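Listed below, chain by chain, are the residues.
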Amino acid sequence: MHALRKIPMRWEKPTEHVCPDQALLLKISDQRRCDVLMMTPWFAPIVWEGTYNSEILNEQFRQRNVTVGLTVFAIKKYVVFLKTFLETAETYFMVGHRVNYYIFTDRPEEVPKVALKEGRNVVVLQVQNYPRWQEISMRRMEMLSYFSQQRFVNEVSYLVCVDVDMKFNDQVGVEILSDLFGTLHPGFYAAERQSFTYERRPASQAYVPSDEGDFYYMASIFGGTVMEVYKLTKQCHEAIMVDKANGIEAIWQEESHLNKYFLYHKPTKILSPEYMWDDNLGRPEILKKRRFLAVRKNHAAIRNK
Ligand code: 5GW
Ligand code: MN
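Residues numbered from 1 in each chain as written. Chains lettered and ligands numbered in written order. Predicted model: local features only at pLDDT ≥ 70, side-chain atom pairs only at ≥ 80, totals over all residues. Heavy atoms only, no water.

A few points about the sheet that holds strand β8 (residues 221-225)
Part 1 of the reasoning: Strand order in this open sheet of 8 strands is β1-β9-β7-β8-β5-β2-β3-β4, and the pairing throughout is mixed. With one partner strand each, in any of the chains shown, β1 (46-47) and β4 (120-126) form the two edges of the open sheet.
Part 2 of the reasoning: Here 8 bridges tie strand β2 (residues 67-74) to strand β3 (residues 98-105), and the two strands are oriented parallel to one another. Bridge pairing links Thr 71 to Tyr 102 in β3.
Part 3 of the reasoning: Sheet strands in contact with helix α5 (residues 226-245) are β5 (158-162), β7 (180-183) and β8, and its direction is about 125° off that of β8. (Pairing = 2+ DSSP bridges. Helix = DSSP H or I, 4+ residues; strand = E, 2+ residues; numbered from the N terminus. Contact = heavy atoms within 4.5 Å. Axes fitted to C-alpha atoms, helices over the stretch in contact; angles between N-to-C directions.)

Here's the deal with the side chain of Glu 135
Part 1 of the reasoning: Tracing the backbone through its elements, the reader meets Glu 135 in helix α4 (residues 133-155).
Part 2 of the reasoning: Discounting residues that sit within four places of it in the chain, Glu 135 has contacts with Tyr 130 and Lys 244.

Notes on helix α2 (residues 54-63)
Part 1 of the reasoning: The N-terminus of α2 is capped by Asn 53, whose side-chain oxygen sits 2.9 Å from the backbone nitrogen of Glu 55.
Part 2 of the reasoning: Count one or two residues on from α2 and you reach Asn 65, which has phi positive near 50°. (Polar contact = N/O pair within 3.5 Å; in protein donor to acceptor, adjacent residues only side chain to side chain.)

Considering the pairing of β7
Part 1 of the reasoning: Burial along β7 is two-sided: the residues Leu 180 and Gly 182 and Phe 181 and Thr 183 are all buried.
Part 2 of the reasoning: Of the pairings in the sheet, the one linking β7 to β8 comprises 2 bridges and is antiparallel in character. Residue pairing for β8: Leu 180 is matched across the bridge by Gly 224.
Part 3 of the reasoning: Bridge count for β7 against strand β9 (residues 269-271) is 3 bridges, and the pairing is parallel. Counterpart to Thr 183 in the pairing with β9 is Leu 271. (Buried < 20%, exposed > 50% of the residue type's maximum accessible area, 1.4 Å probe, protein only.)

Topic: the packing of α4 against α5
Part 1 of the reasoning: Across the interface, α4 lies against α5 with an axial gap of 8 Å and an inter-helix angle of 140°. By the angle between their directions, the pair α4 and α5 is classed as oblique. Considering only the axes of α4 and α5, their crossing is left-handed. Contacts between α4 and α5 involve Glu 135, Met 138, Arg 139, Met 141, Glu 142, Leu 144, Ser 145, Ser 148, Gln 149, Phe 152 and Val 153 from the first element and Val 226, Val 229, Tyr 230, Leu 232, Thr 233, Lys 234, Cys 236, His 237, Ile 240, Met 241 and Lys 244 from the second. (Parallel < 35°, antiparallel > 145°, perpendicular 65-115°, else oblique. Left-handed = near helix turned anticlockwise from the far one by under 90°.)

Re a nonpolar patch on the surface
Part 1 of the reasoning: A cluster of nonpolar side chains, Leu 116, Val 122 and Val 124, forms an exposed patch at the surface whose accessible area comes to about 180 Å².
Part 2 of the reasoning: Within the secondary structure, Val 122 is located in strand β4.
Part 3 of the reasoning: Val 122 gets classed as partly exposed once you look at its relative accessible area, which sits at 33%. (Patch = residues over 30% accessible without salt bridge, like charges linked within 9 Å, V, L, I, M, F, W, Y side chains within 5 Å. Areas by Shrake-Rupley, 256 points an atom, 1.4 Å probe, with all protein chains shown as cover. Salt bridge = Lys/Arg side-chain N within 4 Å of Asp/Glu carboxyl O.)

A look at the packing of α4 against helix α6 (residues 253-264)
Describing two packed helices takes the angle between their axes plus the distance from one axis to the other.
Part 1 of the reasoning: It is at 8 Å that the axes of α4 and α6 come closest, and there the two elements cross at 35°. Contact residues: Trp 133, Gln 134, Ser 137, Met 138, Arg 140 and Met 141 in α4; Gln 253, Glu 254 and Leu 258 in α6.
Part 2 of the reasoning: Looking at side-chain class alone, the contact of α4 with α6 contains 4 nonpolar, 3 polar and 2 charged residues. (Nonpolar A, V, L, I, M, F, W, Y, C, P; charged D, E, K, R; others polar.)

Comments concerning the pattern of salt bridges
Part 1 of the reasoning: Summed over the entire model, instances satisfying the criterion amount to 24 salt bridges.
Part 2 of the reasoning: The salt bridge involving Lys 289 is made with Glu 49; its shortest N-O contact spans 3.8 Å. Placement of Lys 289 in the loop between β9 and β10 (292-294) and of Glu 49 in the loop between β1 and α2 is noted, with a sequence separation of 240 residues between them.
Part 3 of the reasoning: Here Glu 49 falls in the partly exposed class, since its relative accessible area comes to 24%.
Part 4 of the reasoning: We note a salt bridge from Lys 234 to Glu 238, for which the minimum N-O separation is 2.9 Å. With Lys 234 and Glu 238 both in helix α5 and 4 residues apart, the pair spans about one turn of that helix.
Part 5 of the reasoning: Linked by salt bridges that have partners in common, Glu 49, Asp 170, Glu 175, Glu 274, Lys 289 and Arg 291 make up one network.

Encoded structure:
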């Protein structure tokens, strides 16, 4: 058995560790939360509002003159999401840093012209369309791995790979950047391991046994250095192809494979659901910011047209 899988049952906050009173705490750090898990058992930070100092982080990343690539797929009718996506990204995504937007589409002429701030560029990458939506979604892994190696490695330090049916609603900055990061699924961040919707059929490459798994990650936003994203997307794509050859498709397509990958390759940082929220899930108290929000979509009108 792979050592990285040997995580015991989901950890709970040890009751004997009570947060010290605020006066003492402030002497140590004012960037601390007592109501949420701030770190994994492998010492990866979990990013919540109130756990970091953006002034310090911005300075660190500015010193390195980092460029961030934001990848997004807009195939067929999904081009309608691009305008809001790009406009809100200009307001909230990596403000003050260099950004390349990589837009994968089969309809390059339908990519809207959005005014960009200095140091920010749009790159349109024409890709083919697939008839099945599951394939459109899964093939993102293949295209990301191909372009990481071909192009992104020469142009950016980090990649942030996201869904397009989204809008930025608050700051998403360099606090998310790390070698390899995933995001807690907003529907499962408080759930028990047994309820995680991992692939449970051993025949699939995405199979996760019922007594394994740390978190349930959402595939709508993940990233890291170009090298780490290359390794992740390549491995997920290859696993998807093995499944295809075996006549099986994982229950949540590439999300299932991403969850399997993160079980063996622990993320070095994890984003809280602030970075992937859907207002259909309400507004819980622990959610101080809703930074990246799912846009309501008319499924019948938008899909498979
Ligand atoms: C996805 C599902 C059904 C039909 C079509 C699609 C689809 C997805 C599409 O026609 N075009 C496209 O570009 N996509 C890409 O896959 C988008 O980047 C989209 O954000 C991503 C995942 O699909 P979503 O957002 O519909 O999936 P959920 O799980 O957010 O509903
Ligand atoms: Mn989506």
